[in-house]
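Structural overview for review
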Amino acid sequence: MASTIPDPGAARADAAPPVSDRPGRIEAHGIDHIPDAERHGRPRELFSVWAAANVNYLNLVVGGALVLMGLSLWQALAVIAVGNLFWVLTGLLATSGPAAGAPSEVITRALYGVIGNRVNNAIGGWLVSVCYFALNLAAAATAAFALVEKAGATAGVPVQVAVIVLIAALTLVISVYGHALIIKLYLPITLALAGAFTVVALAVLKHADFSYVPDRPLAGAELWAVLVAGTTMIASGPLSYTTSADFSRYLPRTAPPKAIAGWTAFGAFLPSLVVGALGALAATAVDMTDPQKALQEILPGWFVPVFLLTLVLGTISINALTAYSAGLALQAVGLRIRRTVSVLFDGAVAIALTLYGLLVSNFLDTVSNALQMTVVLIGPLMAVYATDIVLRRNRYDGRALSDESPTSPFWFAAGVNPAGALALLAGVASAALCVNTLYAGPVASVLGGIDLSLPVGMLVAAALYVLLGRRAVAATST
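Residues numbered from 1 in each chain as written. Predicted model: local features only at pLDDT ≥ 70, side-chain atom pairs only at ≥ 80, totals over all residues. Heavy atoms only, no water.

**Regarding the overall build of the protein**
For the record, the criterion: Numbering of helices and strands runs from the N terminus, with a helix taken as a DSSP run of H or I at least four residues long and a strand as a DSSP run of E at least two residues long. Within these notes, the globule rule equals 2.2 Å times the number of residues to the 0.38 power, and the radius of gyration is based on C-alpha atoms. The contact criterion used is simple: two residues touch if any of their non-hydrogen atoms lie within 4.5 Å. Computed with the Shrake-Rupley method and a 1.4 Å probe, the accessible areas treat only the protein chains shown as cover for residues.
Of the regular secondary structure elements, the protein holds 21 helices and zero strands. The C-alpha atoms of the protein give a radius of gyration of 22 Å, which matches the 23 Å a tight globule of 478 residues would have. Along the longest, intermediate and shortest principal axes, the C-alpha atoms of the protein span 60 × 55 × 40 Å. Of the contacts made within the protein by residues no fewer than 6 positions apart, 84% connect residues no fewer than 24 positions apart. Carbon and sulfur atoms provide 69% of the accessible area of the protein, an area that totals close to 18,600 Å².

Here you go:
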C-alpha cells in the first residue's frame with residue numbers, strides 16, 4: 001500500500017506544530033485540505049487517542065452481555081477477541097488521512113461523488129453520530145447521578161439537567177479545541193483510565209469463576225446464532241469508526257502507512273479486548289444486568305466514587321471524538337458554517353435528545369433499538385471505503401477532493417459515483433435480508449435465527465465495488 005508521491009516540501013514528523021493546530025488554540029481547519037507545511041506528529045500518537053476512547057463502560061457492559069446471552073466464559077472471550085479484530089479495518093481507513101490531507105468525510109467523495117457523499121454524511125455520518133453521542137451521554141449521566149447520590153445530595157430533575165449539561169460542556173470543549181488538544185489530553189487520560197481499570201481488574205479476577213459454564217449450555221444452531229450475534233455486537237464498535245482519518249490527517253504524507261494502521265488498530269484493540277474480557281469475567285461472579293450496581297458489590301468501598309468518575313471520564317473521551325467527527329460531517333453535508341459552530345450545534349442536539357429521553361419519554365430506548373440495525377449500514381460503509389483504499393493503493397488527491405463544483409473529477413454522473421452508490425445499496429439490502437435483531441429477515445429465518453448480516457453485507461458491498469469501481473478509481477487516483 002502506497003501513499004501519495006512524497007513532496008520535498010512535506011513536513012517532518014518532528015516539526016513543531018503550526019499555529020493552526022496547537023493545544024491552547026481552537027483548531028483552525030475543518031474539512032479543508034491540510035497543506036504539507038502544516039503536517040506534523042508521529043503515528044504512535046494515535047495509540048492513546050484510540051485507547052482512551054475504548055477504556056470505557058460500554059465495552060465492560062457488552063462483555064458481560066455475552067455471558068448473559070448464554071455463552072460460557074471461554075466462548076465469550078473468543079467472541080470478544082474475534083469481534084475486535086475488525087479494528088484492523090479502522091486502522092486501514094486511518095491511512096487515507098495523511099495520504100489526502102483530509103478527513104474521512106471528504107475522502108468519501110471519491111466513493112460516492114460530491115452530492116452522493118452529502119447523503120452519506122447526513123445519514124451514515126451526522127445522524128448516527130449524534131444518536132451515539134446522546135446514548136453515551138445518557139450512560140455517563142446515569143453514573144454521575146449515582147455519584148451525586150453518593151455525595152449525599154438528591155439527584156432531582158434540576159440536578160440531572162445540570163449534570164447532563166456539564167458533562168456535555170466538558171466534552172464539547174475538547175471537540176471545539178479539536179485535534180491538537182485531543183492528541184495532548186488523551187495520553188494522560190489513557191493512563192488515568194488504565195490505572196482505574198487495573199483496580200477493577202484486580203477485584204474482578206479475585207471473584208471470577210474461570211470454569212464458568214451456564215446451567216443449560218447452548219448447542220447446535222442456537223449456539224451458532226448467539227456466537228454470530230455476539231461477534232456482530234462486538235464488531236459494531238470498530239465498524240462505526242469509518243472516520244478514523246479525521247485524527248490522522250495532520251500526519252506528514254511520508255508517515256509509514258503500516259505504522260498509522262498499526263497504532264490506530266492496536267490502540268483500540270488492546271483496551272477493547274481487556275475491558276470486554278473483564279466484563280465477561282465479572283458476569284461469572286455478579287449479575288451484570290445492572291453492571292454499575294453489580295460491580296459495586298465486589299469493588300472496594302473507597303474506590304466506588306473513583307469508579308463512577310472513571311465511567312464519566314471514559315464516556316467524555318469517546319464522545320469528544322464522536323462530536324468532533326459529527327461536526328465535520330455536518331460541514332461535509334454542505335452547510336457553510338465553521339467547524340466550531342457545527343460541533344456546538346451537534347452537542348445541543350445531543351443534549352436535547354438526552355434530556356428528552358431521560359426525563360420525558362423512552363426516546364433513548366427507541367434510538368438504542370434503531371442503532372442495533374446500524375450494522376446493516378456501517379458494515380457495507382466500512383467495506384466500500386476499505387476496498388477503495390486497496391484499489392487505488394491509497395492514492396488520493398486532497399485538493400481535488402476539496403473541489404465541490406461540477407468540474408470536480410469526483411462529480412462523476414450528476415454528482416454521484418454509481419459504483420459506490422450501487423455497491424453500498426446492494427450491501428445494505430443484502431444485510432437487511434439476513435438480519436435478526438428487531439426483526440428476522442428471510443435468510444435468518446431459514447437459518448434458524450443465525451444473523452449473517454455483517455459478513456454478507458460487507459462481502460456483497462466490497463465485491464460489487466471491485467466489479468463496478470475499477471474504472472472510476474483508475475480515473476481519479478493520483
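**Let's talk about the pattern of salt bridges**
Test applied: Each reported salt bridge corresponds to a side-chain nitrogen of Lys or Arg within 4 Å of a carboxyl oxygen of Asp or Glu. The rule is simple: take the accessible area with a 1.4 Å probe, protein chains only, and divide by the maximum for that residue type; under 20% is buried, over 50% is exposed, in between is partly exposed.
For the coordinates displayed, the defined rule picks out eight salt bridges. With a shortest N-O distance of 3.0 Å, E27 and R249 are connected by a salt bridge. Of the two residues, E27 sits in the segment before α1 (45-54) while R249 sits in the loop between α11 (220-239) and α12 (257-283), which places them 222 residues apart along the sequence. Assigned by exposure class, E27 and R249 land together as buried. Between R336 and E404 there is a salt bridge, and its shortest N-O distance comes to 3.2 Å. On the criterion of sequence distance, the pair formed by R336 in the loop between α14 (304-332) and α15 (339-359) and E404 in the loop between α18 (398-401) and α19 (418-434) is long-range, its members being 68 residues apart. In this structure R336 comes out as exposed when scored by relative accessible area, which is 64%.

**Here's the deal with the packing of aromatic side chains**
Pairs of aromatic rings are described using the distance from one ring centre to the other and the angle between the two planes. What counts here: Whether two aromatic rings pair depends on their centres lying within 6.5 Å, for rings of Phe, Tyr and Trp, where Trp uses its six-membered ring; planes under 30 degrees apart make the pair stacked, over 60 edge-to-face, and the rest tilted.
Enumeration over the complete set of coordinates arrives at ten aromatic pairs. An angle of 85° between the planes, with centres 6.0 Å apart, marks the rings of F47 and W263 as edge-to-face. Remark: W263 occurs in helix α12 and F47 occurs in helix α1; sequence separation between them is 216 residues. Of the residues examined, F47 reaches a relative accessible area of 21% and is grouped as partly exposed. With centroids separated by 6.3 Å and ring planes inclined at 70°, the aromatic side chains of F410 and F412 adopt a geometry described as edge-to-face. With relative accessibility at 1%, the residue F410 sits in the buried group. Judged by relative accessible area, F412 falls into the partly exposed class, the value being 25%.

**Notes on the nonpolar core**
Quick note on the threshold: By convention a nonpolar core is built from buried Ala, Val, Leu, Ile, Met, Phe, Trp, Tyr and Cys residues, the set being connected through side-chain atoms within 4.5 Å.
Counting 132 residues, the largest nonpolar core has L71 and L295 as its most contacted members. Looking at this core element by element, the count peaks at 15 residues for α14. In contact with L295, not counting residues within four places along its chain, are L60, V204, A282, M288 and F307.

**A word on unusual backbone geometry**
Of note in the backbone geometry, R393 takes a positive phi value of approximately 50° without being a glycine. Here R393 is to be found in the loop between α17 (375-391) and α18. When its relative accessible area of 47% is taken as the criterion, R393 is described as partly exposed. Phi is positive for A414, close to 60°, though the residue is something other than glycine. Along the polypeptide, A414 turns up in the loop between α18 and α19.

**Side note on the confidence of the model for the protein**
Inclusion rule: Values of pLDDT, which run from 0 to 100, indicate the predictor's confidence residue by residue.
Here the protein averages 91 in pLDDT, and 94% of its residues register 70 or above. Low confidence marks residues 1-10, where pLDDT is under 50. Its contacts with residues over four positions away, or in another chain, come to 27 contacts.

**A word on the packing of α17 against helix α21 (residues 453-476)**
Two packed helices can be described by the angle between their axes and the distance between those axes. Counted only if it meets this: For helices, the axis comes from a line fit to the C-alpha atoms of the stretch in contact; other axes are also lines fit to C-alpha atoms, and the angle between any two N-to-C directions lies between 0 and 180 degrees. Crossing handedness is defined as follows: a turn of the near helix away from the far one that is anticlockwise and smaller than a right angle gives a left-handed crossing, while the clockwise case is right-handed. Basically, the charged four are Asp, Glu, Lys and Arg, the nonpolar ten are Ala, Val, Leu, Ile, Met, Phe, Trp, Tyr, Cys and Pro, and anything else, Gly included, counts as polar.
For the pair α17 and α21, interaxial distance at closest approach is 8 Å and the crossing angle is 35°. Note that α17 runs across α21; the crossing there is right-handed. Contact residues: α17 offers V375, G379, P380, M382, A383, V384, T387, D388 and L391, while α21 offers S453, L454, G457, M458, A461, A462, Y465, V466, R470 and V473. Looking at side-chain class alone, the contact of α17 with α21 contains 13 nonpolar, four polar and two charged residues.

**Some details on α21**
How we decide: For a residue, the bend is simply the angle between two axes, fitted respectively to the seven-residue segment ending there and the seven-residue segment starting there.
Along α21, the largest kink reaches about 65° and is centred on G469. Looking only at α21, the buried set comprises S453, L454, G457, M458, A461, A462, Y465, G469, A472, V473 and T476. Each element contacted by the buried residues of α21 is listed here: α4 (87-94), α7 (109-112), α11, α17 and α19.

**Brief notes about α19**
To be explicit about the condition: Multiplying 1.5 Å by the helix residue count minus one yields the expected span of that helix. Starting at the helix axis, one direction is taken to each C-beta atom, and the arc is that of these directions. Polar contact is defined as a pair of N or O atoms within 3.5 Å, subject to the rule that within protein one atom must be able to donate a hydrogen and the other to accept it, and that residues adjacent in sequence are counted only when both atoms are side-chain atoms.
An ideal rise of 1.5 Å per residue puts 24 Å on 17 residues; α19 measures up with 24 Å between its terminal C-alpha atoms. Within α19 the residues assigned to the buried category are A419, G420, A423, L424, G427, S430, A431 and C434. Down the axis of α19, the sector holding all buried residues measures 135°, keeping them to one side. Buried residues in α19 make contact with α7, α17, α20 (442-446) and α21. Its side-chain oxygen at 3.1 Å from the backbone nitrogen of A419, N417 defines the N-terminal cap of α19.

**Regarding the environment of S236**
With respect to the helices and strands, the residue S236 is situated in helix α11. Sequence spacing of S236 and Y112 is 124 residues, and the spatial spacing of their C-alpha atoms is 22 Å. A polar atom in the side chain of S236 sits 2.6 Å from the backbone oxygen of M233.

**Comments concerning the packing of helix α9 (residues 157-177) against α15**
Spelled out, the test is: Angular relationships are summarised with four words: roughly parallel below 35 degrees, roughly antiparallel beyond 145, roughly perpendicular across 65 to 115, and oblique for the angles in between.
Between α9 and α15, the least distance of the axes is 10 Å, while the angle of their chain directions is 155°. As far as their axial angle goes, α15 and α9 are roughly antiparallel. The chirality of how α9 crosses α15 is right-handed. Residues V157, Q160, V161, I164, V165, A168, L172, S175, V176 and Y177 of α9 pack against R339, T340, V343, L344, G347, I351, T354, L355, L358 and L359 of α15.

**Digging into the side chain of E105**
Formally: Only four residue types enter the tally: Lys and Arg on the positive side, Asp and Glu on the negative side; His and the chain ends are excluded.
Looking at the secondary structure, you find E105 in helix α6 (residues 104-107). No salt bridge is formed by the buried E105. Its closest oppositely charged neighbour is R249, at 6.8 Å. Ignoring anything within four residues of it in the chain, the contact list for E105 reads N117, N121, T243, D246, S325, L328, A329 and A332.

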